[in-house]
Amino acid sequence: MAAALTATVLAGAAGSAAADTGTTVVTKPTVVLVHGAFADASSWNAVVERLQRDGFSVVAPANPLRGLAGDSAYIADFLKSIQGPIVLVGHSYGGAVISTAAAGNSQVKSLVFVNAFMPDRGEALGALGDRFPGSELAAALKPVPFRNADGTSGIDLYVRAAKFHQAFAADLPAAVSAVMAATQRPIVASAFMDKAAEAAWKTIPSWALVSTRDKAISPALERFEAQRAHAQTVEVDASHAALVSHPDAVTDLIRQAATGGGSYAQPALAGTGLNTLLLAGLGVLAGGTVLMGFGLSGAARRRREPGR
């Protein structure tokens, strides 16, 4: 009987505590990481590891790099496969992709732009990049023609291996940037002429990271875009590959977006919450035990009385 009473009291206390907190527990957002040109999803590895240690669900889909409209549509469809709130992060060209892909998706609670393009509606990336000096990317590119299955042709752009370190990842060891250069994924040249169809940063809270030693996208452009988007901005002494060289700074910014964007809430105990209710329950349990003790003692006395 005592065990049953204990279970009843504790269950009641727990249920009352849940109602008493006044805080709705919401699942942490899923963090979606979109890579840019001349990279792949593995460029997010160090950031993924940190976010997973924090308990976030993280996915880093492959960005096709076949053109802004198609790439954005691909990521937009991928987002539909995710349940719950989303923090959407884009690096470099991936910034333009997420700004279009997030448009009209109420699950996306915040956007994070890391050394990224953040075009307005109707802006082309090439023209946007030319607005500010400081980029060495154009001179480092190597065009490689290709043929599509339908017989049409196109041009892929790679960063020349000899210039990859300086233009893309100067704050990384040369051996690391050499591997990145060898495994880079090209972007179709026409992507830089595509005009953005949407600018989700106009309606979704945004965060931005600016690298002061970026040679691929001018730091001046990154600051201009962040200010235009009213993004909460941090600057780091890093190259364009800040997600690899400074994963702590990038992860910290994503954490800010996850909490500052109102994506999830942590439960809190009120003053009359679980502890108070448990103490009250233990009091009831103790009282019940005493009463049970009196009842057992009385029964024993009655058995000892003559004639009983």
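For the structure, see preceding data.
We now turn to the structure provided with this report. (Residues numbered from 1 in each chain as written. Predicted model: local features only at pLDDT ≥ 70, side-chain atom pairs only at ≥ 80, totals over all residues. Heavy atoms only, no water.)

### Looking at the overall build of the protein
Then, number 1: Each helix and strand counted, the protein has 12 helices and nine strands in total.
Then, number 2: Taking all 308 residues of the protein together, 43% fall into the buried category.
Then, number 3: In the protein, the proportion of contacts linking residues at least 24 apart, taken out of those at least 6 apart, comes to 74%.
Then, number 4: Accessible area for the protein stands at about 14,700 Å²; split by element, carbon and sulfur atoms hold 59% of it. (Helix = DSSP H or I, 4+ residues; strand = E, 2+ residues; numbered from the N terminus. Buried < 20%, exposed > 50% of the residue type's maximum accessible area, 1.4 Å probe, protein only. Contact = heavy atoms within 4.5 Å. Areas by Shrake-Rupley, 256 points an atom, 1.4 Å probe, with all protein chains shown as cover.)

### With respect to the packing of aromatic side chains
Two aromatic rings are characterised by how far apart their centres lie and by the angle between their planes.
Then, number 1: Using the criterion set out here, one finds two aromatic pairs in the structure.
Then, number 2: Stacked on the ring of Phe-146, the Lys or Arg Arg-66 has its end atom at 5.6 Å from the ring centre. (Phe/Tyr/Trp six-rings, centres within 6.5 Å; stacked < 30°, edge-to-face > 60°. Lys NZ or Arg CZ within 6 Å of the ring centre and 35° of its normal.)

### Brief notes about the sheet that holds strand S6 (residues 153-159)
Then, number 1: One open sheet holds the three strands; their spatial order is S5-S6-S7, and the pairing between them is antiparallel. Both outer strands of the open sheet, strand S5 (141-147) and strand S7 (187-188), are each paired with one neighbouring strand and no more.
Then, number 2: Summarising the sheet, S6 and S7 pair through two bridges and their orientation is antiparallel. Among the inter-strand pairings, Leu-157 is bridged to a residue of S7, identified as Ile-187. (Pairing = 2+ DSSP bridges.)

### Digging into the side chain of Ser-99
Then, number 1: Here Ser-99 shows up in helix H4 (residues 93-101).
Then, number 2: When near neighbours in sequence (up to four residues on either side) are disregarded, Ser-99 contacts Phe-113, Pro-119, Glu-198, Ala-199, Ala-200 and Trp-201.

### Focus on the packing of helix H7 (residues 161-168) against helix H8 (residues 174-183)
Then, number 1: Direction vectors running N to C along H7 and H8 enclose 115°, while the axes themselves pass 9 Å from each other. For the crossing formed where H7 meets H8, the hand is right-handed. Judged by residue contacts, Ala-161, Phe-164, His-165 and Phe-168 of H7 engage Ala-174, Ser-177, Met-180 and Ala-181 from H8.
Then, number 2: Tallied by class, residues from the contact of H7 with H8 come to six nonpolar, two polar and no charged. (Axes fitted to C-alpha atoms, helices over the stretch in contact; angles between N-to-C directions. Left-handed = near helix turned anticlockwise from the far one by under 90°. Nonpolar A, V, L, I, M, F, W, Y, C, P; charged D, E, K, R; others polar.)

### Observations regarding unusual backbone geometry
Glycine aside, a negative phi is what most residues show, and trans is what most peptide bonds show.
Then, number 1: The backbone phi angle of Leu-65 is positive, close to 60°, even though this residue is not glycine.
Then, number 2: Relative to the helices and strands, Leu-65 is located in the loop between strand S2 (57-59) and helix H3 (68-79).
Then, number 3: The phi angle at Ser-92 is positive, at roughly 60°, despite the residue not being glycine.
Then, number 4: Within the fold, Ser-92 resides in the loop between strand S3 (86-91) and H4.

### Some words on the packing of helix H2 (residues 45-53) against helix H11 (residues 247-260)
Then, number 1: Here H2 crosses H11 at 50°, and the two axes come no closer than 9 Å. The pairing of H2 with H11 is recorded here as oblique in orientation. Judged by the sense of rotation from one axis to the other, the crossing of H2 with H11 is right-handed. Contact with H2, carried on its side by Ala-46, Val-47, Arg-50 and Leu-51, involves Pro-247, Asp-248, Val-250, Thr-251 and Ile-254 of H11 and no other residues of that element.
Then, number 2: Grouping the amino acids of the contact of H2 with H11 by side-chain chemistry returns six nonpolar, one polar and two charged. (Parallel < 35°, antiparallel > 145°, perpendicular 65-115°, else oblique.)

### What to know about the sheet that holds strand S4 (residues 108-114)
Then, number 1: Taken together, six strands build an open sheet; the order of strands is S2-S1-S3-S4-S8-S9 and the sheet is parallel. Of all the strands in the sheet, just S2 and strand S9 (232-236) have a single pairing partner and so form its edges. Between one strand and the next, the sheet's axes are offset by a mean angle of 15°, whatever the strand orientation.

### Notes on the pattern of salt bridges
Oppositely charged side chains may form a pair once their charged atoms are brought near each other.
Then, number 1: All told, the structure shown has 11 salt bridges when counted by the stated rule.
Then, number 2: For Asp-120, the salt bridge is made with Lys-202, and the minimal N-O distance between the two is 2.9 Å. Placement of Asp-120 in the loop between S4 and helix H5 (125-129) and of Lys-202 in the loop between S7 and strand S8 (206-211) is noted, with a sequence separation of 82 residues between them.
Then, number 3: Overall, the relative accessible area of 18% leaves Asp-120 in the buried class. (Salt bridge = Lys/Arg side-chain N within 4 Å of Asp/Glu carboxyl O.)

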